[in-house]
Amino acid sequence: MNAVSVDKQRNGRVVAPERQTGLEVVLLKRTYVFPWSQFLFAEGGEDEIRAVFATHDVIIRGAALAGLLAELAAQRLARPEEPARSDRFDQFHGSVIRQLIVERAQDT
């Protein structure tokens, strides 16, 4: 299980009130950039959030994520990062991202 604190400046960065042009999701071996113009919706609760874009779903798992869901809705989340393996056992208080998953959207 991976862990990262969204309160850290380098992780899960929330930007100023103005809207950003895209969401950059940084995994250990790959980085994805999704334009907000492709953002469809987000859903979830305290332990999991799903952000749906036209081509991919971004799944964020962790704890106390309701505030992060609000930042997604306002399109102010800029750069959530998957933690380095050496950081995954660190203990954090407050909002914590433990896992980031990027999947291709399913054809329906």
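The structure presented is a predicted model; accordingly, all values stated were derived computationally and were not measured.

*Asks:* Can you explain the overall build of the protein chain? Please cite residues and give values.
*Replies:* Each helix and strand in the protein chain was counted, giving one helix and nine strands. Listed by position from the N terminus, the elements making up the protein chain come as β-β-β-β-β-β-β-α-β-β. Within the protein chain, buried positions represent 42% of all 108 residues. Sequence-distant contacts in the protein chain: of pairs separated by 6 or more residues, those separated by 24 or more amount to 63%.

*Asks:* Tell me about helix 1 (residues 66–73), residues and numbers included.
*Replies:* Taken as a whole, helix 1 has its buried residues at L68, E71 and L72. Here the buried residues of helix 1 occupy an arc of 100 degrees about the axis, which is enough to place them on one side. Downstream of helix 1 by one or two residues, Q75 has phi in the positive range, about 55 degrees.

*Asks:* Lay out the pairing of strand 4 (residues 31–35) with the relevant residues and their values.
*Replies:* Residues Y32 and F34 of strand 4 are buried on one face, while the alternating residues T31, V33 and P35, pointing to the opposite face, are not. Two successive antiparallel strands, strand 3 (residues 22–26) and strand 4, enclose a turn made up of four residues.

*Asks:* Kindly report on the environment of Q75, identifying the contributing residues and their values.
*Replies:* Tracing the sequence through the fold places Q75 in the loop between helix 1 and strand 8 (77–79). Residues Q75 and T21 lie 54 residues apart in sequence; the distance between their C-alpha atoms is 8.5 Å.

*Asks:* Tell me about the packing of aromatic side chains, and please be specific about residues and values.
*Replies:* As enumerated under the stated definition, the model contains five aromatic pairs in all. Ring geometry for Y32 against F34: centres 5.9 Å apart, planes inclined by 5 degrees, an arrangement best described as stacked. Classification of F34 as buried rests on a relative accessible area of 5%. Every member of this aromatic cluster is reached through a ring pair, and the members are Y32, F34, W36, F39 and F53.

*Asks:* Tell me about the side chain of E81, residues and numbers included.
*Replies:* Secondary-structure assignment places E81 in the loop between strand 8 and strand 9 (96–104). Only 2.6 Å separates the side chain of E81 from the side chain of R79, close enough to count as a polar contact.

*Asks:* Tell me about the pattern of salt bridges, and name the residues and values.
*Replies:* Two side chains bearing opposite charge may form a pair once their charged atoms approach each other closely. Taken as a whole, this structure holds six salt bridges when the rule is applied. Note that E24 is salt-bridged to R79, the shortest N-O span being 3.2 Å. One end of the pair, E24, is in strand 3; the other, R79, is in strand 8, with 55 residues separating them in the sequence. Residue E24 is classed as partly exposed on the basis of its relative accessible area, which comes to 27%. The exposure class of R79 is partly exposed, given its relative accessible area of 24%. Note that R76 is salt-bridged to E71, the shortest N-O span being 2.8 Å. What makes E71 buried here is its relative accessible area of 16%.

What counts, and at which threshold
Per-chain numbering applies: the sequence of each chain, read as written, is numbered from 1 onward. Only residues with pLDDT of at least 70 are given local features in this predicted model, and only at 80 or more are side-chain atom pairs given and counted; all residues enter the totals for whole chains, interfaces and linings. Excluded from the side-chain calculation are hydrogens and water; included are all heavy atoms of the structure. Strands here are runs of E lasting at least two residues and helices are runs of H or I lasting at least four, both read from the DSSP assignment and numbered beginning at the N terminus. Only protein chains enter the accessibility calculation, which uses a 1.4 Å probe; a residue whose area is less than 20% of its type maximum is buried, one above 50% is exposed, and one in between is partly exposed. The contact definition used throughout considers only heavy atoms, calling two residues in contact when any of these lie within 4.5 Å. The directions from the helix axis to the C-beta atoms form the arc being described. The rule for pairing is simple: two strands pair if DSSP sees at least two bridges between them. Two aromatic rings from Phe, Tyr or Trp, using only the six-membered ring of Trp, form a pair when their centres are within 6.5 Å; if the ring planes differ by under 30 degrees the pair is stacked, by over 60 it is edge-to-face, and anything between is tilted. Polar contact is defined as a pair of N or O atoms within 3.5 Å, subject to the rule that within protein one atom must be able to donate a hydrogen and the other to accept it, and that residues adjacent in sequence are counted only when both atoms are side-chain atoms. Only one rule defines a salt bridge in this text: a Lys or Arg side-chain nitrogen within 4 Å of an Asp or Glu carboxyl oxygen.

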